[in-house]
Amino acid sequence: MAAATGMALPAEWIKTWEKSGKGEFLQLCRNLCEDTAVRGIQQALYELAYHVVKGNLKHDQACNVLNYVIEYRDDMPSILADVFCILDIETSCLEEKSKRDQFMQLVLACLYLVSDTILKERLDPDTLESLGLIKQSQQFNQKSVKIKTKLFYKQQKFNLLREENEGYAKLIAELGQDLSGSITSELILENIKSLIGCFNLDPNRVLDIILEVYECRPEYDEFFVPLIESYMYMCEPQTLCHILGFKFKFYQEPNGETPVSLYRVAAVLLQHNLIDLEDLYVHLLPGDNAILEDHKREIGEAKQIVRKLTMVVLSSEKTEEKEKEKEKEEEKTEKPPDNQKLGLLEAMLKIGDWQHAQSIMDQMPPFYATSHKSIAVALCQLLHVMIEPLYRRVGVPKGAKGTPVPALQNKRALKQVENFEDLRKEVFNMLCYLGPHLSHDPILFAKVVRLGKAFMKEYQSDGNKQDDKEKMELLFSCLLSITDQVLLPSLSLMDCNACMSEELWGMFKTFPYQYRYRLYGQWKNDTYNSHPLLVKVKAQTIDRAKYIMKRLTKENVKPSGRQIGKLSHSNPTILFDYILSQIQKYDNLITPVVDSLKYLTSLNYDVLAYCIIEALANPEKERMKHDDTTISSWLQSLASFCGAVFRKYPIELAGLLQYVANQLKAGKSFDLLILKEVVQKMAGIEITEEMTMEQLEAMTGGEQLKAEGGYFGQIRNTKKSSQRLKDALLDHDLALPLCLLMAQQRNGVIFQEGGEKHLKLVGKLYDQCHDTLVQFGGFLASNLSTEDYIKRVPSIDVLCNEFHTPHDAAFFLSRPMYAHHISSKYDELKKAEKGNKQQQKVHKYITSCELVMAPVHDAVISLHLPKVWDDISPQFYATFWSLTMYDLAVPHTSYEREVNKLRVQMKAIDDNQEMPPNKKKKEKERCTALQDKLLEEEKKQSEHVQRVLQRLKLEKDNWLLAKSTKNETITKFLQLCIFPRCIFSAIDAVYCARFVELVHQQKTPNFSTLLCYDRVFSDIIYTVASCTENEASRYGRFLCCMLETVTRWHSDRTIYEKECGNYPGFLTILRATGFDGGNKADQLDYENFRHVVHKWHYKLTKASVHCLETGEYTHIRNILIVLTKILPWYPKVVNLGQALERRVHKIYQEEKEKRPDLYALAMGYSGQLKSRKHCMVPENDFHHKDAPTGNAVPKAVQNGPGGGAGLPPSSLTINAAKLEESTAEETDKLKEKSQGAVKVINKAANTTPKVTTSNGNSSSNSKVVKEKEDKEKCGKEKEKEKKEKVPTATPEAKMLGKDGKEKPKEERTNKEDKARDTKEKTPKSDKEKEKAKRDEKLLKDEKSKIIVTNTESKTTIEKEREKEPSRERDVMKDMKTKENIRGGGGGGGEKAQVAGSLKSPVPRSDASDCEREQKRRKVDSHCSPSHSSTVKGLALLAQVPVVSENCASSRLISIHFQQDNLSELKESSAKHYVNHSVPTLSKSKEREVDKKDLDKSRERSREREKKEEKERKDRKRDHSNSDREVPQDSMKRRKEENGTTGSSKHSKSVSPSDSPRSNEKEKEKNKSKSSSKEKGDSIKVEKMEKSSSGSKKESRHDKEKSEKKEKRDSTGGKEEKKHHKSSDKHR
């Protein structure tokens, strides 16, 4: 058997066939036949036959064996026939004929074993023909076909109803009977079978009739579906599909309409899988290609509509276009061909077969199916059913009932969703297929949105596990996708449905603004391009928006607003985009647009916020105008719109604020304009430089006063909007970051952003950044609660050191915190100890201040270098920066003004008869409440100010330590406190001025008020030049307040005596130590103070003229702004005013075409200046030129170590006026002493002839008389004084001093003697002190003698003038020199360039009034009347160098100034000499006279020195009582000379008036003289300074300096001689 399984007939059996093979084969066959299966025997027989075919076995042998085998089974012939059949097929395919023959012989041999019938059935007809069993194979084939046809196809079946009407009638009756009873589909099926058999009905036609009846009875799904299913077992599978296909085909005629019932039957059969969709789909029309073409055509039409709407069509073309459109519409109204695929899809959706419906939709373009309303509605209906259970559970609002949606009866339909996870899996997918066409069902829209809200509520609750959180995140992202793809596009297609918009906002407001804005961005920029319908809607919206905006005005805001509202409910992004584009072009639309937006929904307001940010961030728009100097108007318009819209409507601010913060982070400050506008409009906090002083005063009061009187517009009802702004800032933690970013960005504007930008724009951006910081900081201070503020603002050292906030901004932010802290501590202490006495309250307040400020005092130490705290204490620094105007003074007048306004208002309300009583009552109540608030606030502030002043009184002694010098103290105070803060804000500018006044009033030790004011007024050029426009305005306010104080003191002696007379701030002794008891003699008296004020006015004029003449835009603009601000108090002197007027006139003539903004400023200032002319006074009325009598002379100044570098400029000049009382007597006496002094004067004239200014020249002819008088009188005295004084300029120049003529000759000799003495006695400072006292007595004595010779001097003058015309010219030159040097031409004084002298530089004559009158007449005969009045006051402008307040100048600076600027000064004087010349002599005469003068002056000076030495020693013994006077004289000269410390670089442009000059030849001569003498005289100045510094106690440092100077002096003398020689050669 083993062999049998592998091969039935092994080869060995064949070989031994006769012996044993045959027997074994028969045994095998016997065994195989016992098995019921025929496969084994078939194989054995097949192998036997195959051996015969191959020729291995003879057919006889095989036939013999088969004869035995045939008996083993009954069906063996059939089995054998099957074997022959297989062999027949195999051998017929073989090419070897021998094998075929062998097969044929075998079959022939076995014919008797198998019947012919079986063989005919099994074998091929050709084989049968070969075997002789049939005659012809072809005939046999035909016959078999006929038989088969007769058997299988020629049946008695009836296809048509008429052929067998009875059978079909019975069939229809069977199917149409009442099915409600116990009739089942099985029973009916049996009956149908019987009918088919009985009446020979066609089974296919029966199936067709079953479907027809089912169409008519769709409610019996449960009967018909099983019936058809059972029936299909009898049919081929494709039959049903073909029948349905034929049905659909029938309706595909041009006018055919497929019935809905057929769609439904097909859908149900598909749902029950009785047919395949693929099989049926091919029978349906139209084809997929046709659908795609249709979709493309729709998109093309939509784009065509858009083009038409955007095109400008002329009226003639419009009618033609309209006719064409009508024709096209008529064509379209023709019925579209039936779309069977969509019909089937609708039916599927209705029965809930989503699976098949989805597969049909997938074969169409996106949203093509749902763009047909019926499909969309069907899908919406299915969705209603799907979400019903979940919606009922979580979505139904409280109190709402709603109509429940019944579930589908179809068991095979989708399950309804019970939770959010099912919602995501089933419903969200269906919604995505629906897309924008959810708009067809607003109710479903609302349901989906409410489910979204419910989900967000669950999502935002924290109690979820990690797995749940992941699911929730996935759900949230799906919800966002649905919102983007379905909800927002659907809203666009809804017709102005405000309720849907609000419903959607209910869900949107739970999203963070970042997600919302992303959605709006997609909606605006992507969604409208995704679908033809949306493309059309966008175009129609823009068209409608254009229509509305063209007609929008202030008058029709309401109707236009309603139209905008309607349009915005559906398509807000498109509408707002257009509106904003119009606002950017036309800023006059802002107000009507803002008013018209009141009909918007909350969602629309949010979209508007997004659209604004998108418009602001538009990268294609330039933020600067083409001139690159101003911010673009579109940005300004948008900013203004932002402010108005955010204030008026409840729009969320977070996005806008974050945008501004991000821009600042990126180093862009343009968009701060938005923040500025928003804060201004929402919080009512204005930042403007145009505030009046009344407004500014109101700003120093409480919050109520600020709101009532501090702003231009009465911005009311800001409480809600400012609360919204505050909440937005706190919720998103943007309050402090915005402050810090702005503070840092101020410098970023200049150093990072500035770059290539125009300076004007950089200034504007800086101002904008700064103003916004001030405004924003003010908003936070007034709106944040104490806790909120303190929690967010770090300490001052952290702000400055870690956040790198500039100090002024850091204190600005911290200031409210300190005030909050102090007030809360104070309240705590009051509650703890209940005592109402004022003293107790003050004590508690001071305690609370100490507690709060102590850490601040420690913190500020790290802000500056340790040496800073040597002069001012951290306590003083912190006090200055932590206080505000609210703390220093109560604006009583402002409170009064506002209360009076309210009273007037109340009276007007009473008088108004038309106002209804209710309204009257309300208005009156409002006014009364306001009035009470204001009065209460005033009382509260008064108490507060009293407490603060008490605190300051206690603190003041520790404020200024002055470990170095008072000058250093003032420098630090100005540098670290006043200057940074005075330009921070307008109110800070006022504060700085008031604080200086307060420090003075408090009698603060070591604080020199005089020095402080002097430093402020002296050199304002660099300060002004480095300001931005707004800073210049604030600096102007500061100067104005400072001038106001000074002017008040200047105006009345009693006020001065009361407020300054006995105050340490007006001490003329500027020691490092404090006030030592108020010795009246050490105070600056009233008249001298007036001189000083004049000097300040003069300095301001000089600086102003310089700035105006630079030609620099910034200089001119800023000085005009400053001048406009200080106009109430300056100019007060006629000639200074005229000088300014001329310069300003020149500016507006030059700048009219070039720089219109400068022209406008200059015109404005000029007009105001002219209107104030009546307030100006002549110089004599402003300060008396004649010296006051009877003043005690204070001690000379020694200021700390060295008396030099640390010496304050004012110390050199304060007592300048004291010498005036004795000048008349001295003049006559000195005249007697030496006629030779004239030569010395000439020498002085030769030394610096080029250092001339208009002042010297304006009165050149009139002064000739005076000069001669001087020459005769002043020789010896001046030589002496050279040694006595500490001059800062050439002594010859200073001898003219205040009066411009009578400085005694003695003074010079005294100077020289003193200098010599100093050389000898430098170490012996006590002796020198005694000597100085004796000199003072000597001078007093001389004064008494001089009176007698006064009349004699006049006659001498006249004689001299007749005899010596050449000397007259020299004298004139001499006078010019002195005037110039006095005004700024001389050598290097200590710190003179830092602040200038306090001494008024205008020359004052001490001659009698009649004599002065004569001289004036002479001046008038030579110079134009328009110039003569201004000349005196402005003489010095051209010479004083401009140096910033904080820089220290060495003694040599001014020497270099002289030498470097000779050529410039020459040009300057040359310009002014042209028009006014003085009679001159021939060149040869001039040279002779000059040479003689030089020789004589040298001889006489030597004789005089010897003579004076003797006289001085004699006088020392006689005059021991007047030990103060001479040092005061020397101090006076020092002051005067301080004004001459260097020739101005800008002499050419600064000279403030034109006046007579000498001719060109004289100019050339002056030039040569100046070059030869300049150097020697400068060095002499140093020598004299040195000798004088020994007149009081000196440190070793002083002595060393003196020795060095004397060495230099000796070399200077030699150089002087050389210069004389060279000048002679030149002549």
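Remember, it's a predicted structure, so these values are computed and weren't measured experimentally. Residues take numbers from 1 onward in each chain, read along the sequence in its written order. In keeping with the model being predicted, local features are shown solely for residues with a pLDDT of at least 70 and side-chain atom pairs are shown and tallied solely at 80 or more, while totals for entire chains, interfaces and linings include all residues. Excluding hydrogens and water, the side-chain values take into account all heavy atoms of the structure.

**Here's the deal with the overall build of the protein chain**
Here is step 1: Helix and strand counts for the protein chain stand at 79 helices and zero strands.
Here is step 2: The cut-offs for exposure are 20% and 50% of the maximum accessible area for each residue type, with area from a 1.4 Å probe on protein chains only; residues under the lower value are buried, those over the upper are exposed, and the others partly exposed. For the protein chain, the residues scored as buried account for 57% of the 1627 residues in total.
Here is step 3: Contacts: residue pairs with any heavy atoms within 4.5 Å of one another. A separation of at least 24 residues holds for 83% of the contacts in the protein chain among residues at least 6 apart in sequence.
Here is step 4: Residue exposure ignores everything except the shown protein chains as possible cover, and the areas themselves are Shrake-Rupley values with a 1.4 Å probe. Just so you have it, the protein chain exposes about 70000 Å², and 51% of that area is on carbon and sulfur atoms. Helix and strand assignments follow DSSP, with helices taken as H or I runs no shorter than four residues and strands as E runs no shorter than two, numbered in order from the N terminus.

**Here we look at helix α6 (residues 76–93)**
Here is step 1: In a regular helix each residue adds 1.5 Å, so 18 residues correspond to 26 Å; α6 covers 26 Å between its end C-alpha atoms and thus fits that length.
Here is step 2: Looking at the buried positions of α6, the neighbouring elements they touch are α3 (17–34), α4 (39–54), α5 (59–69), α7 (97–109), α8 (116–122) and α9 (125–131). In this scheme, a helix's expected span is set at 1.5 Å multiplied by one less than its residue total.

**Comments concerning the packing of aromatic side chains**
Here is step 1: Ring pairs are drawn from Phe, Tyr and Trp, using the six-membered ring of Trp, whenever the two centres fall within 6.5 Å, and their geometry is named by plane angle: stacked under 30 degrees, edge-to-face over 60, tilted for the rest. Using the criterion set out here, one finds 50 aromatic pairs in the structure.
Here is step 2: Ring geometry for Phe 84 versus Phe 103: centroids 6.4 Å apart, planes at 75°, classification edge-to-face. Taken together, the residues span a long stretch of sequence, with Phe 84 in helix α6 and Phe 103 in helix α7 at a distance of 19 residues.
Here is step 3: We classify Phe 84 as buried; its relative accessible area is 1%.
Here is step 4: Assessed through its relative accessible area of 0%, Phe 103 is described here as buried.
Here is step 5: Seen from their ring centres, Trp 869 and Tyr 877 are 5.4 Å apart, and the 75° between their planes marks the pair as edge-to-face.
Here is step 6: Residue Trp 869 is classed as buried on the basis of its relative accessible area of 9%.
Here is step 7: Through a chain of ring-to-ring contacts, three or more aromatic side chains come together here, namely Phe 420, Phe 455, Tyr 459, Phe 476, Phe 508, Phe 511, Tyr 513, Tyr 515, Tyr 517, Tyr 520 and Tyr 610.
Here is step 8: Geometry around Phe 880 places Arg 981 over its ring, the cationic atom sitting 5.5 Å from the centre.
Here is step 9: Two conditions define a charge located above a ring, namely a distance within 6 Å from the ring centre to NZ of Lys or CZ of Arg, and an angle within 35 degrees of the ring normal. Positioned above the aromatic ring of Tyr 991, the side-chain terminus of Arg 981 is 3.8 Å from the ring centre.

**Brief notes about helix α38 (residues 719–731)**
Here is step 1: Taking 1.5 Å of rise per residue, the 13 residues of α38 would be expected to cover 18 Å, and the 18 Å separating its terminal C-alpha atoms lies within 8% of that figure.
Here is step 2: The complete set of buried residues in α38 reads Ser 721, Ser 722, Leu 725, Lys 726, Ala 728, Leu 729 and Leu 730.
Here is step 3: Looking one or two places after α38, you find Asp 733, whose phi comes out positive at around 50°.

**So, a negative patch on the surface**
Here is step 1: Only residues above 30% relative accessible area that lack a salt bridge enter a patch, with like-charged residues linked at up to 9 Å and the nonpolar side chains Val, Leu, Ile, Met, Phe, Trp and Tyr linked at up to 5 Å. Take a side-chain nitrogen of Lys or Arg and a carboxyl oxygen of Asp or Glu: if they are within 4 Å of each other, that pair is a salt bridge. When charges are counted, neither His nor the chain ends are considered; positive counts come from Lys and Arg and negative counts from Asp and Glu. In this description, the location of a charge corresponds to atom NZ of lysine, CZ of arginine, CG of aspartate or CD of glutamate. Negative charge collects at one region of the surface, where Glu 458, Asp 467, Asp 468 and Glu 470 lie side by side.
Here is step 2: Among the elements that make up the negative patch, the one with the highest residue count is helix α25 (residues 466–493) (three residues).
Here is step 3: Mapped onto the secondary structure, Asp 468 falls in helix α25.

**Some points on the nonpolar core**
Here is step 1: We define the nonpolar core as a collection of buried residues of types Ala, Val, Leu, Ile, Met, Phe, Trp, Tyr and Cys that are connected through side-chain atoms lying within 4.5 Å of one another. With 316 residues, the main nonpolar core has Leu 344, Phe 641, Leu 738 and Phe 1038 as its most contacted residues.
Here is step 2: Once residues lying within four places of it in the same chain are set aside, the contact partners of Phe 1038 are Ile 978, Cys 982, Ala 989, Cys 992, Ala 993 and Val 1016.
Here is step 3: Listed in part, the 45 residues of the second largest apolar core include Trp 17, Leu 32, Leu 57 and Val 65.

**Things to note about the packing of helix α30 (residues 572–585) against helix α32 (residues 602–616)**
Working note: a packed helix pair is described by the angle between its axes plus the distance between those axes.
Here is step 1: Two numbers describe how α30 lies on α32: the axes approach to 9 Å, and their chain directions differ by 50°. One element, α30, and the other, α32, form an angle in the oblique class. The two elements α30 and α32 cross, and the hand of that crossing is right-handed. When α30 is examined against α32, the residues Pro 572, Thr 573, Phe 576, Leu 580 and Gln 584 are found in contact with a partner set consisting of Asn 604, Val 607, Leu 608, Cys 611, Ile 612 and Ala 615.
Here is step 2: Along the lines of polarity and charge, the residues of the contact of α30 with α32 split into eight nonpolar, three polar and no charged. To get an axis, a line is fitted to the C-alpha atoms, and for a helix only the part in contact is used. The angle between two axes follows their N-to-C directions and goes from 0 to 180 degrees. Comment on the angle field: the value is read as roughly parallel under 35 degrees, roughly antiparallel over 145, roughly perpendicular from 65 to 115, and oblique elsewhere. A crossing counts as left-handed when the near helix is turned anticlockwise from the far one by less than a right angle, and as right-handed when that turn is clockwise. Residue polarity follows a fixed list, in which Ala, Val, Leu, Ile, Met, Phe, Trp, Tyr, Cys and Pro are nonpolar, Asp, Glu, Lys and Arg are charged, and the others, Gly among them, are polar.

**A look at the environment of Met 430**
Here is step 1: Mapped onto the elements, Met 430 comes out in helix α23 (residues 420–434).
Here is step 2: Residues Met 430 and Leu 383 lie 47 residues apart in sequence; the distance between their C-alpha atoms is 7.7 Å.
Here is step 3: Excluding residues within four positions of it along the chain, Met 430 makes contact with Trp 354, Leu 379, Leu 382, Leu 383, Met 386 and Leu 414.

**Topic: the side chain of Asn 1118**
Here is step 1: Here Asn 1118 is to be found in helix α56 (residues 1113–1125).
Here is step 2: Residue Asn 1118 is classed as buried on the basis of its relative accessible area of 0%.
Here is step 3: One polar contact links the side chain of Asn 1118 to the main-chain carbonyl oxygen of Cys 1027, over a distance of 2.7 Å.
Here is step 4: Dropping the residues within four chain positions of it, Asn 1118 is found in contact with Val 1024, Ala 1025, Cys 1027, Thr 1028, Glu 1029 and Ala 1032. Polar contact criterion, stated in full: a pair of N or O atoms within 3.5 Å, where within protein one must be able to donate a hydrogen and the other to accept it, and residues adjacent in sequence count only if both atoms are side-chain atoms.

**Concerning unusual backbone geometry**
Here is step 1: Backbone torsion omega between Leu 285 and Pro 286 reads -5°, so that peptide bond is classified as cis.
Here is step 2: Here Pro 286 shows up in the loop between α17 (277–281) and α18 (288–310).
Here is step 3: The omega torsion of the bond from Tyr 1130 to Pro 1131 falls at 0°, within 30 degrees of zero and hence cis.
Here is step 4: One non-glycine residue with positive phi stands out, namely Asn 273, at about 60°.
Here is step 5: With respect to the secondary-structure elements, Asn 273 resides in the loop between α16 (260–271) and α17.
Here is step 6: Taking the relative accessible area as the measure of exposure, Asn 273 reaches 53% and is therefore exposed.
Here is step 7: For Cys 496, which is not glycine, the phi torsion reads 35° and is therefore positive.

**A few points about the state of the cysteines**
Here is step 1: In plain terms, two cysteine sulfur atoms within 2.5 Å form what is called a disulfide here. Going through the model one piece at a time under the given rule, you end up with zero disulfides.
Here is step 2: Here Cys 1040 is not disulfide-linked; the sulfur of Cys 1041 is the nearest cysteine sulfur, at 5.4 Å.
Here is step 3: The exposure class of Cys 1040 is buried, given its relative accessible area of 7%.

**Notes on the confidence of the model for the protein chain**
Here is step 1: Across the protein chain, the average pLDDT comes to 74, with 69% of residues at or above 70.
Here is step 2: The least confident element of the protein chain is helix α73 (residues 1451–1460), whose mean pLDDT is 35; the most confident is α16, at 95.
Here is step 3: Per-residue confidence from the predictor is reported as pLDDT, which spans 0 to 100. Taken as a whole, residues 1187–1325 scores under 50 in pLDDT and shows 640 contacts with residues more than four places along the chain or in a different chain.
Here is step 4: This stretch, residues 1519–1602, has a pLDDT under 50; its non-local contacts, to residues over four places away or in other chains, come to 403 contacts.

**Quick look at the side chain of Thr 601**
Here is step 1: With respect to the secondary-structure elements, Thr 601 resides in the loop between α31 (590–596) and α32.
Here is step 2: Since its relative accessible area comes to 4%, Thr 601 is described here as buried.
Here is step 3: A distance of 2.8 Å separates a polar atom in the side chain of Thr 601 from a polar atom in the side chain of Ser 501.
Here is step 4: Within polar-contact distance, the side chain of Thr 601 engages the side chain of Asn 604 at 3.0 Å.

**Brief notes about the environment of Cys 1027**
Here is step 1: Examined against the element boundaries, Cys 1027 turns out to sit in the loop between α52 (1021–1025) and α53 (1029–1051).
Here is step 2: Its relative accessible area of 7% is what places Cys 1027 among the buried residues.
Here is step 3: Through-space distance from the C-alpha of Cys 1027 to that of Ile 983 is 8.4 Å; in sequence the pair is 44 residues apart.
Here is step 4: Look past the residues within four positions of Cys 1027 in its chain and what remains in contact with it is Ile 983, Ala 1032, Thr 1114, Arg 1117 and Asn 1118.

**Considerations on the pattern of salt bridges**
Here is step 1: This structure, assessed with the given rule, holds 50 salt bridges.
Here is step 2: For the salt bridge of Asp 288 with Lys 341, the shortest nitrogen-to-oxygen distance reads 2.8 Å. Of the two residues, Asp 288 sits in helix α18 while Lys 341 sits in helix α20 (residues 340–351), which places them 53 residues apart along the sequence.
Here is step 3: For Lys 341, a relative accessible area of 3% gives the class buried.
Here is step 4: Between Glu 1044 and Arg 994 there is a salt bridge, with its nearest N and O atoms 3.1 Å apart. You can see Glu 1044 sitting in helix α53 and its partner Arg 994 sitting in helix α50 (residues 986–1001), a full 50 residues away along the chain.
Here is step 5: Classification of Arg 994 as partly exposed rests on a relative accessible area of 24%.
Here is step 6: A network of salt bridges, in which partner residues are shared, links Arg 205, Asp 208, Glu 212, Glu 215 and Lys 247.

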